[in-house]
Structure formats: structure tokens, C-alpha cells
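What follows is each chain in one-letter form.
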Amino acid sequence: MATAPLDQGLLLAAILFALGLAGVLVRRNLLFMLMSLEVMLNAAGIAFIVAGARWASPDGQIMFILVLTFAATEVSVGLALILLMHRRITTLDADAGDRLRG
């Protein structure tokens, strides 16, 4: 079975992580920030898969399943919080969260 070289896989993961980080830092919409976090988690998963394939170990795939589980929980909690915020202040701007003080 042919595998991708380690440097190309890690380069892809680094590019995806940088794009996700730029999306979190530049965007002010909470939904776009949540999607950027998903891209960053997928980049970490790709890095685990590539490293596991390099050393012929299933540990990378196990860690990827853990990352996918974490991403699923992050999305469910994040979307619930975004829906609650949208109901209260009718905007998804991250700076508008100051108005939610109790």
C-alpha cells in the first residue's frame, strides 16, 4: 500500500491549521469561528494519521477517533450556545457577547 510522504502530510496539516487559525482570528461571526475550529481539529487529526502511518502504528487512527469525538461534542455544545445567544440578542457577532452579562 502506498502512503503519502510524511513531509507532505504534515505540510497539508499545517496549512489547514493556519487557515483555521486565521479564520478564528479574523472572523467575528461565531458560526464562522466554530467552522474554523473544526478545520483546525481536522488538521490535527490529519497530522495524527500521517504520523501513525509513518511509523506503521494504529495510534494515529485511535487519536483521530478521539479528535472526531471531541469535535462532535464541541459542535453540539457550540451550536447550542450560538442558538441561545441568537435568541437573546439576535446577532452572532462575537463582540456582542458583552451584553450577555447577568
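Residues numbered from 1 in each chain as written. Predicted model: local features only at pLDDT ≥ 70, side-chain atom pairs only at ≥ 80, totals over all residues. Heavy atoms only, no water.

Student: Can you walk me through a nonpolar patch on the surface in this structure?
Tutor: Residues F17, L21, L25 and V26 make up a contiguous nonpolar surface patch of roughly 390 Å² in combined accessible area. Here L25 is to be found in helix α1 (residues 6-26). With relative accessibility at 60%, the residue L25 sits in the exposed group. (Patch = residues over 30% accessible without salt bridge, like charges linked within 9 Å, V, L, I, M, F, W, Y side chains within 5 Å. Areas by Shrake-Rupley, 256 points an atom, 1.4 Å probe, with all protein chains shown as cover. Salt bridge = Lys/Arg side-chain N within 4 Å of Asp/Glu carboxyl O. Helix = DSSP H or I, 4+ residues; strand = E, 2+ residues; numbered from the N terminus. Buried < 20%, exposed > 50% of the residue type's maximum accessible area, 1.4 Å probe, protein only.)

Student: Please clarify how the packing of α1 against helix α2 (residues 30-54) should be interpreted in this entry.
Tutor: Between two packed helices, the angle of one axis relative to the other and the distance separating the axes together describe the packing. Interaxial distance between α1 and α2 falls to 8 Å at its minimum, and their mutual angle equals 165°. Regarding the angle of α1 to α2, the classification is roughly antiparallel. Crossing of α1 against α2: the hand is left-handed. Across from L6, G9, L10, L12, A13, L16, F17, G20, L21, G23 and V24 in α1, the residues of α2 making contact are M33, S36, L37, V39, M40, A43, I46, A47, V50, A51 and R54. (Axes fitted to C-alpha atoms, helices over the stretch in contact; angles between N-to-C directions. Parallel < 35°, antiparallel > 145°, perpendicular 65-115°, else oblique. Left-handed = near helix turned anticlockwise from the far one by under 90°. Contact = heavy atoms within 4.5 Å.)

Student: Honestly, the nonpolar core in this entry has me stumped. Any pointers?
Tutor: General note: in soluble globular proteins, nonpolar side chains tend to be found buried as a group. Counting residues in hydrophobic clusters, the biggest one holds 10 residues: V24, L30, M33, L34, M40, I82, M85, I89, L92 and A96. Mapped onto this core, the elements with two or more residues apiece are α2 and α3 (59-89). Per element, the largest residue contribution to this core is four residues, and it comes from α2. Apart from residues lying up to four places away in sequence, L34 is in contact with E74, V75, G78, L79 and I82. (Core = buried A, V, L, I, M, F, W, Y, C linked by side-chain atoms within 4.5 Å.)

Student: Hey, could you run me through the packing of α2 against α3 in this one?
Tutor: For the pair α2 and α3, the least separation of the axes is 9 Å and the interaxial angle reads 175°. Classified by the angle their axes make, α2 and α3 are roughly antiparallel. Here the contact of α2 with α3 is built from residues that sort into 18 nonpolar, six polar and two charged. (Nonpolar A, V, L, I, M, F, W, Y, C, P; charged D, E, K, R; others polar.)

Student: Hey, could you run me through α3 in this one?
Tutor: Structural remark: α-helix, 3.6 residues per turn; residues separated by three or four positions point the same way. Taking 1.5 Å of rise per residue, 31 residues should cover 45 Å, and α3 covers 44 Å from first to last C-alpha, within 8% of that figure. Taken residue by residue, α3 has G60, V67, A71, E74, G78, I82, M85 and I89 as its buried positions. Residues of α3 that are buried make contact with α2. (Expected span 1.5 Å × (residues − 1).)

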